[in-house]
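Given next are the chains, with one letter for each unit.
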Amino acid sequence: MVKPFASSTDLADKPETLEVLADGVYALTAEGDPNVGAVEGKDFVVAIEARATPVMARQWLDQLREHTDKPVRYLVLTHYHAVRVLGAAAFEGATVIGHEQMRALVAERGKEDWESEAGRMPRLFRGAESIPGLTWPHLTFSDRLSIDLGGDRGELQLRYCGRGHTEGDLVAWLPRDRVLFAGDLVEAQAALYTGDAFHADWSGGTLDRLAALAAEQVVGGRGAVARGGAAVTAAIEQTRDFLLVMRDTVGSVHGRGETLREAFASTHAALAPTYGQWPIFEHCLPFNVQRLWDEYDGIERPRIWTAERDREVWDQLQS
Ligand SMILES: [Zn+2]
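Parameters and conventions
Along each chain, residue indices are assigned from 1 in the same order as the chain's sequence is written. Local features are withheld for residues below a pLDDT of 70 in this predicted model, meaning they are given only at 70 or higher, and side-chain atom pairs are given and counted only at 80 or more; totals for whole chains, interfaces and linings count all residues. To get the side-chain values, take all heavy atoms of the structure and skip hydrogens and water. Strands are treated as partners if at least two bridges between them are detected by DSSP. Each helix is a run of H or I in the DSSP string that is no shorter than four residues. Each strand is a run of E no shorter than two, and both are numbered from the N terminus. Throughout, exposure labels follow a simple rule: accessible area from a 1.4 Å probe, protein chains only, divided by the maximum for the residue type, with under 20% read as buried, over 50% as exposed, and the rest as partly exposed. Only heavy atoms enter the contact rule, under which two residues are in contact if any of them lie within 4.5 Å. In protein, a polar contact requires one atom able to donate a hydrogen and another able to accept it; more generally it is a pair of N or O atoms within 3.5 Å, and residues adjacent in sequence count only if both atoms are side-chain atoms. A donor here means any N, O or S atom no more than 2.8 Å from the metal (3.2 Å for Na, K and Ca); water is not included, so a site may seem to lack partners. In this scheme the shape depends on donor count and angles: four donors with every angle between 85 and 135 degrees give tetrahedral, four or six donors with opposite pairs above 155 degrees and others between 65 and 115 give square planar or octahedral in turn, and any other case is irregular. This arc corresponds to the set of directions leading from the helix axis out to the C-beta atoms. Note on method: axes are straight lines fitted to C-alpha atoms, helices fitted across the in-contact stretch only, with angles between N-to-C directions ranging 0 to 180 degrees. Crossover handedness is defined here as right-handed if the route from the first strand over the helix to the second strand goes clockwise, with the strands pointing away from the viewer.

A. Looking closely at the pairing of strand β9 (residues 155-160). The pairing of strand β8 (residues 144-148) with β9 spans 5 bridges and is antiparallel. Paired with D148 across the two strands is E155, which belongs to β9.

Next up, the structure:
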(Lines give C-alpha, C1' and ligand atoms only; values in the text may rest on other atoms or scores of the structure.)
Protein backbone atom coordinates (compact mmCIF):
# COMPACT_ATOMS: atom_id res chain seq x y z
CA MET A 1 0.00 0.00 0.00
CA VAL A 2 1.31 3.46 -0.90
CA LYS A 3 0.85 6.05 1.81
CA PRO A 4 -0.31 9.50 0.68
CA PHE A 5 2.67 11.77 0.27
CA ALA A 6 3.92 13.47 3.40
CA SER A 7 1.23 15.63 5.03
CA SER A 8 -0.58 16.34 1.78
CA THR A 9 -3.86 14.90 3.08
CA ASP A 10 -3.65 16.77 6.39
CA LEU A 11 -5.73 19.83 5.53
CA ALA A 12 -7.71 20.78 8.65
CA ASP A 13 -6.70 24.02 10.38
CA LYS A 14 -5.12 23.71 13.83
CA PRO A 15 -6.47 25.71 16.76
CA GLU A 16 -4.19 28.67 17.53
CA THR A 17 -3.25 30.07 20.93
CA LEU A 18 -1.81 33.53 21.48
CA GLU A 19 0.15 33.59 24.74
CA VAL A 20 1.49 36.65 26.53
CA LEU A 21 4.83 35.46 27.96
CA ALA A 22 5.79 38.74 29.64
CA ASP A 23 4.83 42.39 29.26
CA GLY A 24 4.87 42.96 25.49
CA VAL A 25 6.18 39.49 24.61
CA TYR A 26 3.92 37.24 22.54
CA ALA A 27 3.89 33.77 21.01
CA LEU A 28 1.29 32.24 18.73
CA THR A 29 1.34 28.44 18.79
CA ALA A 30 -0.81 26.09 16.73
CA GLU A 31 -0.61 22.50 17.97
CA GLY A 32 2.56 21.61 16.11
CA ASP A 33 2.26 24.02 13.18
CA PRO A 34 5.07 26.61 12.92
CA ASN A 35 5.10 29.08 15.83
CA VAL A 36 5.52 32.84 15.48
CA GLY A 37 6.22 35.55 18.02
CA ALA A 38 6.57 39.26 18.65
CA VAL A 39 8.37 41.56 21.07
CA GLU A 40 7.21 45.11 21.75
CA GLY A 41 9.73 47.89 21.93
CA LYS A 42 8.89 51.34 23.30
CA ASP A 43 7.71 52.60 19.91
CA PHE A 44 7.72 49.59 17.61
CA VAL A 45 7.30 45.84 17.36
CA VAL A 46 9.82 43.16 16.37
CA ALA A 47 8.03 40.25 14.70
CA ILE A 48 9.64 36.82 14.71
CA GLU A 49 8.90 34.54 11.75
CA ALA A 50 6.55 35.31 8.87
CA ARG A 51 4.59 32.08 8.18
CA ALA A 52 4.30 30.59 4.71
CA THR A 53 2.06 33.14 3.00
CA PRO A 54 1.10 36.82 3.39
CA VAL A 55 -2.53 35.72 3.89
CA MET A 56 -1.55 33.57 6.89
CA ALA A 57 0.83 36.24 8.20
CA ARG A 58 -1.98 38.83 8.15
CA GLN A 59 -4.16 36.52 10.25
CA TRP A 60 -1.39 36.45 12.85
CA LEU A 61 -0.97 40.24 12.68
CA ASP A 62 -4.74 40.69 13.19
CA GLN A 63 -4.44 38.76 16.45
CA LEU A 64 -1.37 40.72 17.50
CA ARG A 65 -3.27 43.97 16.81
CA GLU A 66 -5.62 43.13 19.67
CA HIS A 67 -2.62 43.70 21.97
CA THR A 68 -0.61 46.48 20.32
CA ASP A 69 -0.96 48.91 17.42
CA LYS A 70 2.73 49.83 17.26
CA PRO A 71 4.24 49.44 13.79
CA VAL A 72 6.35 46.38 12.99
CA ARG A 73 9.81 47.83 12.42
CA TYR A 74 11.75 44.55 12.20
CA LEU A 75 10.89 41.09 10.97
CA VAL A 76 13.35 38.49 12.27
CA LEU A 77 13.56 35.20 10.37
CA THR A 78 15.24 32.35 12.23
CA HIS A 79 16.18 30.42 9.04
CA TYR A 80 15.43 30.12 5.35
CA HIS A 81 12.65 27.49 5.31
CA ALA A 82 9.67 28.51 3.20
CA VAL A 83 7.05 27.96 5.91
CA ARG A 84 8.85 30.56 8.05
CA VAL A 85 9.65 33.25 5.51
CA LEU A 86 7.37 33.47 2.48
CA GLY A 87 4.69 35.50 4.31
CA ALA A 88 7.12 38.41 4.75
CA ALA A 89 5.25 40.71 2.33
CA ALA A 90 2.54 41.14 4.98
CA PHE A 91 5.05 43.06 7.15
CA GLU A 92 5.13 46.12 4.93
CA GLY A 93 7.86 48.60 5.72
CA ALA A 94 9.67 46.26 8.15
CA THR A 95 13.41 45.60 7.90
CA VAL A 96 13.84 41.85 7.38
CA ILE A 97 16.74 40.38 9.39
CA GLY A 98 18.37 36.97 8.92
CA HIS A 99 21.69 35.25 9.40
CA GLU A 100 24.16 35.79 6.55
CA GLN A 101 24.02 32.09 5.79
CA MET A 102 20.24 32.33 5.50
CA ARG A 103 20.68 34.77 2.62
CA ALA A 104 23.14 32.41 0.94
CA LEU A 105 20.73 29.48 1.31
CA VAL A 106 17.83 31.46 -0.18
CA ALA A 107 20.05 32.22 -3.16
CA GLU A 108 21.24 28.65 -3.50
CA ARG A 109 18.05 26.67 -2.81
CA GLY A 110 15.17 29.02 -1.89
CA LYS A 111 13.12 28.24 -4.98
CA GLU A 112 13.51 24.47 -4.62
CA ASP A 113 12.69 24.66 -0.92
CA TRP A 114 9.52 26.63 -1.67
CA GLU A 115 8.29 23.99 -4.13
CA SER A 116 9.29 21.14 -1.84
CA GLU A 117 7.60 22.56 1.26
CA ALA A 118 4.42 23.57 -0.59
CA GLY A 119 4.12 19.98 -1.79
CA ARG A 120 4.87 18.49 1.60
CA MET A 121 2.62 20.72 3.71
CA PRO A 122 -0.14 22.32 1.59
CA ARG A 123 -2.17 23.23 4.69
CA LEU A 124 0.48 25.78 5.69
CA PHE A 125 0.29 27.51 2.31
CA ARG A 126 -3.26 28.88 2.46
CA GLY A 127 -3.41 31.87 0.12
CA ALA A 128 -0.29 30.73 -1.76
CA GLU A 129 -1.17 33.10 -4.62
CA SER A 130 -0.40 36.02 -2.26
CA ILE A 131 3.33 35.13 -2.16
CA PRO A 132 5.11 37.68 -4.36
CA GLY A 133 8.39 35.75 -4.62
CA LEU A 134 11.34 34.64 -2.51
CA THR A 135 11.97 36.49 0.77
CA TRP A 136 15.39 38.15 1.02
CA PRO A 137 16.76 39.61 4.25
CA HIS A 138 17.57 43.34 4.13
CA LEU A 139 20.05 43.01 6.97
CA THR A 140 22.27 40.05 7.87
CA PHE A 141 24.94 39.31 10.48
CA SER A 142 27.40 36.53 11.25
CA ASP A 143 27.66 36.27 15.04
CA ARG A 144 25.40 38.66 16.94
CA LEU A 145 23.13 41.64 16.39
CA SER A 146 21.28 43.58 19.09
CA ILE A 147 18.09 45.57 18.69
CA ASP A 148 17.66 48.35 21.25
CA LEU A 149 13.99 48.15 22.20
CA GLY A 150 13.96 51.67 23.66
CA GLY A 151 12.85 53.02 27.05
CA ASP A 152 13.36 50.47 29.81
CA ARG A 153 12.68 47.53 27.53
CA GLY A 154 16.29 46.46 27.13
CA GLU A 155 17.55 44.77 24.01
CA LEU A 156 16.65 41.83 21.86
CA GLN A 157 19.79 39.87 21.00
CA LEU A 158 19.93 37.90 17.77
CA ARG A 159 22.58 35.22 18.06
CA TYR A 160 24.16 32.56 15.92
CA CYS A 161 24.82 29.45 18.00
CA GLY A 162 26.38 27.11 15.43
CA ARG A 163 25.09 24.85 12.69
CA GLY A 164 21.97 22.91 13.56
CA HIS A 165 18.54 22.64 11.99
CA THR A 166 20.09 24.39 8.96
CA GLU A 167 23.43 25.94 8.11
CA GLY A 168 22.21 29.37 9.23
CA ASP A 169 19.83 29.44 12.20
CA LEU A 170 19.55 32.39 14.54
CA VAL A 171 17.84 32.61 17.91
CA ALA A 172 16.25 35.70 19.47
CA TRP A 173 17.08 36.17 23.14
CA LEU A 174 15.40 38.66 25.42
CA PRO A 175 17.64 38.88 28.51
CA ARG A 176 15.29 41.15 30.47
CA ASP A 177 12.53 38.54 30.54
CA ARG A 178 14.75 35.50 29.92
CA VAL A 179 12.63 34.50 26.93
CA LEU A 180 14.24 32.62 24.03
CA PHE A 181 12.75 32.31 20.56
CA ALA A 182 14.71 29.28 19.35
CA GLY A 183 13.31 28.70 15.87
CA ASP A 184 13.52 25.07 14.84
CA LEU A 185 16.65 24.47 16.93
CA VAL A 186 14.33 23.42 19.77
CA GLU A 187 10.96 21.70 19.54
CA ALA A 188 8.72 21.16 22.54
CA GLN A 189 6.60 18.04 22.25
CA ALA A 190 6.86 18.07 18.47
CA ALA A 191 9.06 15.93 16.27
CA LEU A 192 12.17 17.36 14.61
CA TYR A 193 12.71 18.02 10.94
CA THR A 194 16.39 17.36 10.19
CA GLY A 195 16.41 17.05 6.41
CA ASP A 196 18.71 20.09 6.10
CA ALA A 197 20.52 19.61 9.38
CA PHE A 198 24.00 19.07 10.78
CA HIS A 199 23.16 16.42 13.35
CA ALA A 200 26.50 16.29 15.17
CA ASP A 201 26.87 20.06 15.62
CA TRP A 202 23.23 20.49 16.57
CA SER A 203 23.15 17.74 19.23
CA GLY A 204 26.42 18.99 20.72
CA GLY A 205 27.74 22.54 20.89
CA THR A 206 24.72 24.27 19.38
CA LEU A 207 22.26 22.96 21.96
CA ASP A 208 24.87 23.49 24.70
CA ARG A 209 25.01 27.18 23.79
CA LEU A 210 21.22 27.47 23.94
CA ALA A 211 21.08 25.67 27.30
CA ALA A 212 23.78 28.00 28.67
CA LEU A 213 21.43 30.98 28.24
CA ALA A 214 19.35 29.52 31.10
CA ALA A 215 16.10 30.77 29.61
CA GLU A 216 12.96 30.72 31.70
CA GLN A 217 10.69 30.40 28.67
CA VAL A 218 11.42 28.96 25.25
CA VAL A 219 9.32 29.36 22.14
CA GLY A 220 10.45 26.53 19.89
CA GLY A 221 9.74 26.15 16.21
CA ARG A 222 6.70 24.01 16.82
CA GLY A 223 4.75 22.81 19.83
CA ALA A 224 3.83 24.41 23.13
CA VAL A 225 5.79 27.21 24.78
CA ALA A 226 8.12 25.74 27.42
CA ARG A 227 7.46 27.77 30.56
CA GLY A 228 9.72 27.46 33.60
CA GLY A 229 13.25 26.15 33.95
CA ALA A 230 12.26 22.48 34.13
CA ALA A 231 10.13 22.68 30.97
CA VAL A 232 12.91 24.56 29.15
CA THR A 233 15.47 21.91 30.07
CA ALA A 234 13.03 19.19 29.05
CA ALA A 235 12.46 20.76 25.61
CA ILE A 236 16.18 21.17 24.94
CA GLU A 237 17.01 17.67 26.16
CA GLN A 238 14.13 16.12 24.23
CA THR A 239 15.50 17.76 21.09
CA ARG A 240 18.97 16.42 21.89
CA ASP A 241 17.69 12.92 22.67
CA PHE A 242 15.78 12.76 19.38
CA LEU A 243 18.99 13.68 17.54
CA LEU A 244 21.20 11.29 19.50
CA VAL A 245 18.85 8.32 19.03
CA MET A 246 18.83 9.04 15.30
CA ARG A 247 22.63 9.33 15.18
CA ASP A 248 23.16 6.10 17.14
CA THR A 249 20.67 4.12 15.09
CA VAL A 250 21.51 5.36 11.60
CA GLY A 251 25.23 5.28 12.46
CA SER A 252 25.07 1.61 13.51
CA VAL A 253 23.14 0.51 10.43
CA HIS A 254 25.46 2.49 8.16
CA GLY A 255 28.53 1.08 9.93
CA ARG A 256 27.32 -2.49 9.37
CA GLY A 257 27.04 -1.82 5.64
CA GLU A 258 23.28 -2.27 5.57
CA THR A 259 20.77 -0.22 3.57
CA LEU A 260 18.98 3.11 3.90
CA ARG A 261 15.68 1.24 4.16
CA GLU A 262 17.01 -0.71 7.13
CA ALA A 263 18.22 2.52 8.71
CA PHE A 264 14.75 3.97 8.34
CA ALA A 265 13.04 0.92 9.85
CA SER A 266 15.44 0.82 12.84
CA THR A 267 15.17 4.55 13.48
CA HIS A 268 11.39 4.43 13.29
CA ALA A 269 11.37 1.56 15.80
CA ALA A 270 13.79 3.37 18.13
CA LEU A 271 11.96 6.71 18.15
CA ALA A 272 8.30 5.75 17.84
CA PRO A 273 7.69 4.59 21.44
CA THR A 274 8.64 8.05 22.74
CA TYR A 275 7.98 10.40 19.84
CA GLY A 276 5.67 8.57 17.43
CA GLN A 277 2.52 10.44 18.45
CA TRP A 278 4.03 13.90 18.21
CA PRO A 279 3.20 16.27 15.36
CA ILE A 280 5.03 15.75 12.04
CA PHE A 281 6.83 12.57 13.19
CA GLU A 282 5.79 10.41 10.22
CA HIS A 283 5.98 13.36 7.89
CA CYS A 284 9.63 14.15 8.62
CA LEU A 285 11.31 10.85 9.36
CA PRO A 286 12.13 9.70 5.80
CA PHE A 287 13.79 13.03 5.01
CA ASN A 288 15.62 13.04 8.34
CA VAL A 289 17.06 9.57 7.88
CA GLN A 290 18.11 10.31 4.29
CA ARG A 291 20.02 13.44 5.36
CA LEU A 292 21.71 11.67 8.25
CA TRP A 293 22.61 8.77 5.97
CA ASP A 294 24.23 11.29 3.62
CA GLU A 295 26.21 12.70 6.54
CA TYR A 296 27.56 9.23 7.33
CA ASP A 297 28.40 8.92 3.62
CA GLY A 298 30.60 12.00 4.08
CA ILE A 299 28.33 14.49 2.28
CA GLU A 300 29.14 17.66 4.19
CA ARG A 301 26.33 20.00 3.10
CA PRO A 302 22.69 18.90 2.80
CA ARG A 303 21.66 18.01 -0.72
CA ILE A 304 18.92 20.23 -2.14
CA TRP A 305 15.40 18.85 -1.72
CA THR A 306 13.27 19.14 -4.81
CA ALA A 307 9.67 18.05 -5.33
CA GLU A 308 11.01 15.07 -7.33
CA ARG A 309 13.59 14.02 -4.76
CA ASP A 310 10.97 14.31 -1.97
CA ARG A 311 8.74 11.89 -3.86
CA GLU A 312 11.59 9.47 -4.51
CA VAL A 313 12.72 9.29 -0.89
CA TRP A 314 9.17 9.10 0.41
CA ASP A 315 8.25 6.25 -1.94
CA GLN A 316 11.40 4.36 -1.06
CA LEU A 317 10.97 4.64 2.71
CA GLN A 318 7.36 5.28 3.71
CA SER A 319 5.52 2.85 1.44
ZN1 LIG B 1 12.76 24.74 9.56
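B. Region of the structure containing the environment of D33. One can find D33 in strand β3 (residues 33-40). The buried category is assigned to D33, whose relative accessible area is 9%. If we skip the residues at most four places from it in the chain, D33 touches K14, R123, L124, G221 and R222. Among the polar contacts listed, one links the side chain of D33 to the side chain of R123, at a separation of 2.3 Å.

C. The coordination of the zinc ion, seen in detail. With distances of 2.1 to 2.4 Å, the protein atoms coordinating the zinc ion are H79 (NE2), H81 (ND1), H165 (NE2) and D184 (OD). Angles of 89 to 177° at the metal separate the 4 donor atoms of the zinc ion, which places the site in the irregular class. Along the chain, the residues donating to the zinc ion fall in the pattern H-x1-H-x83-H-x18-D. Of this pair, H79 sits in the loop between β5 (72-76) and α2 (82-85) while H165 sits in the loop between β9 and β10 (170-174), and the two are 86 residues apart along the sequence. The residues H79 and H165 share a single accessibility class, namely buried.

D. Focus on helix α8 (residues 307-317). Every buried residue of α8 is listed here: R309, D310, V313, W314 and L317. Here the buried residues of α8 occupy an arc of 130° about the axis, which is enough to place them on one side. Opposite the buried face of α8, by more than 90 degrees, sit the exposed residues E308 and E312. Taken together, the buried residues of α8 touch α3 (100-120), α6 (260-275) and α7 (281-296).

E. Region of interest: the environment of T249. Residue placement: T249 occurs in helix α5 (residues 229-255). Distance from T249 to G110, taken between C-alpha atoms, is 31 Å for residues 139 residues apart in sequence. Apart from residues lying up to four places away in sequence, T249 is in contact with S266, T267 and A270.

F. Broad picture of the sheet that holds strand β6 (residues 95-99). As summarised here, the arrangement of the 7 strands in space is β1-β2-β3-β4-β5-β6-β7, forming an open sheet in which the pairing is mixed. At either end of the open sheet lies a strand with only one pairing partner, and these are β1 (17-22) and β7 (139-141). Neighbour-to-neighbour, the strand axes of this sheet turn through a mean angle of 20°, independent of strand direction. Pairing between β6 and β7: 3 bridges, direction parallel. When the bridges of β7 are listed, G98 appears paired with T140.

G. Region of the structure containing the pairing of β5. Burial runs high along β5: 4 of the 5 residues are buried. Bridge analysis of strand β4 (residues 45-48) against β5 gives 4 bridges, and the strand direction is parallel. Each bridged residue has a counterpart across the sheet, and for V45 the counterpart in β5 is V72. Regarding topology, helix α1 (residues 54-64) serves as the crossover connection from β4 to the parallel β5, and that connection is right-handed. As judged from the 3 bridges shared by β5 and β6, these two strands associate in the parallel manner. Within the sheet, the bridge partner assigned to L75 lies in β6 and is V96.

These figures capture arrangement, not role.
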